[in-house]
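# Report on the structure
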Amino acid sequence: EFIEQQTQRENLFTVTAFAEKFYQDYLWENEEGKAIGLSYFRERGFTDDVIRRFNLGFAPDKWDGLVTAAEAAGHQQELLEKTGLIIVQENKKYDRFRGRVIFPIHNLTGRVVAFGARILKTDPKSPKYLNSPETEIYYKSKNLYGIAQARKSIAAFDSCYLVEGYTDVVSMHQAGIENVVA
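Cut-offs applied
- Residues numbered from 1 in each chain as written.
- Predicted model: local features only at pLDDT ≥ 70, side-chain atom pairs only at ≥ 80, totals over all residues.
- Heavy atoms only, no water.
- Salt bridge = Lys/Arg side-chain N within 4 Å of Asp/Glu carboxyl O.
- Helix = DSSP H or I, 4+ residues; strand = E, 2+ residues; numbered from the N terminus.
- Buried < 20%, exposed > 50% of the residue type's maximum accessible area, 1.4 Å probe, protein only.
- Phe/Tyr/Trp six-rings, centres within 6.5 Å; stacked < 30°, edge-to-face > 60°.
- Axes fitted to C-alpha atoms, helices over the stretch in contact; angles between N-to-C directions.
- Parallel < 35°, antiparallel > 145°, perpendicular 65-115°, else oblique.
- Contact = heavy atoms within 4.5 Å.
- Nonpolar A, V, L, I, M, F, W, Y, C, P; charged D, E, K, R; others polar.
- Left-handed = near helix turned anticlockwise from the far one by under 90°.
- Lys, Arg positive; Asp, Glu negative; His and termini not counted.
- Polar contact = N/O pair within 3.5 Å; in protein donor to acceptor, adjacent residues only side chain to side chain.

Here the focus is the pattern of salt bridges. The final tally for this structure, using the stated rule, is 9 salt bridges. Measuring nitrogen to oxygen at the nearest pair gives 3.5 Å for the salt bridge that ties Glu31 to Lys34. Of this pair, Glu31 and Lys34 both sit in helix H2 (residues 31–43), 3 residues apart, which is roughly one turn of that helix. For Glu31, a relative accessible area of 58% gives the class exposed.

Structure (structure tokens):
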């Protein structure tokens, strides 16, 4: 049972790592990603270095951009659903984070456990921010955004600043203050 449970967790980490790379690649290599996502991050004043350090990305504004790519790469629908990356209703499956900038959430060791996403267009029917639901690898109350990037600095300064959100953490890092999490 323990081995089966560990295998399941590893499979979830594999799927979230795939999604992180998918979103990053879409940000840097796709015209929509560059025009919308990358321009948003740059308008916020983020340098390419800090965008890459936090593995920021962009989700295509399609119902099935990630699910199609993930299944083509051999990832199972069940695992995509268990990580909260897709939603399945009445035999229809669709991406949770369509048309949003993506903030991967890493655990202390740097593995992707979840995602936060911000919509950029005005849509009264959609929430401004969407976050991954709790899963076998992600417990919101036990994870801090930016902890993997801040770990060494927190130890060096023996202190940590707690801020409200994703962009606050990224902005502080860019300003040279790296012992900060949200």
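Having seen it, we continue.
Another aspect to go through is the packing of aromatic side chains. Within this structure, the stated rule accounts for 15 aromatic pairs. Consider the rings of Tyr129 and Tyr166, whose centres lie 6.4 Å apart with planes at 55°: the pair is tilted. Here the residue Tyr129 occupies a position in strand S6 (residues 129–131), and Tyr166 occupies one in helix H7 (residues 166–174), the gap between them amounting to 37 residues. For Tyr129, a relative accessible area of 35% corresponds to the partly exposed category. Residue classification places Tyr166 among the buried residues on the basis of a relative accessible area of 15%. With centroids separated by 4.8 Å and ring planes inclined at 75°, the aromatic side chains of Tyr145 and Tyr166 adopt a geometry described as edge-to-face. Of this pair, Tyr145 sits in the loop between S6 and helix H6 (147–157) while Tyr166 sits in helix H7, and the two are 21 residues apart along the sequence.

This brings us to the packing of helix H1 (residues 2–29) against H2. At their nearest, the axes of H1 and H2 sit 6 Å apart, and the two run at 90° to each other. It follows that H1 is roughly perpendicular to H2 by the angle criterion. When H1 is examined against H2, the residues Tyr26, Leu27, Trp28 and Glu29 are found in contact with a partner set consisting of Glu31, Glu32, Gly33, Lys34, Gly37, Leu38, Phe41 and Arg42. Split into classes, the residues belonging to the contact of H1 with H2 amount to 5 nonpolar, 2 polar and 5 charged.

Right, let's talk about the packing of H1 against helix H4 (residues 65–72) for a bit. One can describe the packing of H1 onto H4 by two numbers: an axis separation of 11 Å at closest approach and a directional angle of 120°. Judged by the angle between their axes, H1 and H4 are oblique. Judged by the sense of rotation from one axis to the other, the crossing of H1 with H4 is right-handed. Where H1 approaches H4, its residues Phe18, Ala19, Phe22 and Tyr23 are matched on the opposing element by Gly65, Leu66, Ala69 and Ala70. By residue class, the composition of the contact of H1 with H4 is 7 nonpolar, 1 polar and no charged.

The next subject is the side chain of Asp95. Along the chain, Asp95 turns up in strand S3 (residues 92–95). Comment: no salt bridge for buried Asp95; closest opposite-charge side chain is Arg98, at 7.0 Å. One polar contact links the side chain of Asp95 to the main-chain amide nitrogen of Val67, over a distance of 3.1 Å. In this view, Asp95 contacts Lys62, Trp63, Asp64, Gly65, Leu66, Val67, Leu85 and Ile86; residues no more than four positions away in its chain are not counted.

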